[in-house]
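What the coordinates show
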Amino acid sequence: MVETDGPWPFEGPFKGHQTTPLLIEKTMKCISEIKMVPLEVVERQIMLNTSSFYKI
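Note that the coordinates shown come from a computational prediction; the quantities given were computed from them, not determined experimentally. (Residues numbered from 1 in each chain as written. Predicted model: local features only at pLDDT ≥ 70, side-chain atom pairs only at ≥ 80, totals over all residues. Heavy atoms only, no water.)

Observations regarding the overall build of the protein chain
- From N to C terminus, the protein chain includes two helices and zero strands.
- Going through the 56 residues of the protein chain one by one, you find that 20% of them count as buried.
- For the protein chain, restricting intrachain contacts to residue pairs at least 6 apart in sequence, the fraction spanning at least 24 positions comes to 21%.
- Accessible surface, the protein chain as shown: approximately 4,700 Å² in total, 63% of it carbon and sulfur. (Helix = DSSP H or I, 4+ residues; strand = E, 2+ residues; numbered from the N terminus. Buried < 20%, exposed > 50% of the residue type's maximum accessible area, 1.4 Å probe, protein only. Contact = heavy atoms within 4.5 Å. Areas by Shrake-Rupley, 256 points an atom, 1.4 Å probe, with all protein chains shown as cover.)

Digging into the side chain of Ser 32
- Within the element layout of this structure, Ser 32 appears in helix H1 (residues 24-35).
- A distance of 2.5 Å separates the side chain of Ser 32 from the backbone oxygen of Val 37, its partner in a polar contact.
- Aside from chain neighbours lying at most four places away, what touches Ser 32 is Val 37, Pro 38, Leu 39 and Val 42. (Polar contact = N/O pair within 3.5 Å; in protein donor to acceptor, adjacent residues only side chain to side chain.)

Laid out in structure tokens, this is it:
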């Protein structure tokens, strides 16, 4: 799962950005690049993980 709305300021490439769920798209893109898998695969797995966790 991904989560980006923490109560603390970011460091590094997100420094100066407000911590909101709007950053989830960038977070998933970073996961895609790090794991070297297509973004669509990451998006689908995140959705499956979230659905399973919340039983939705």
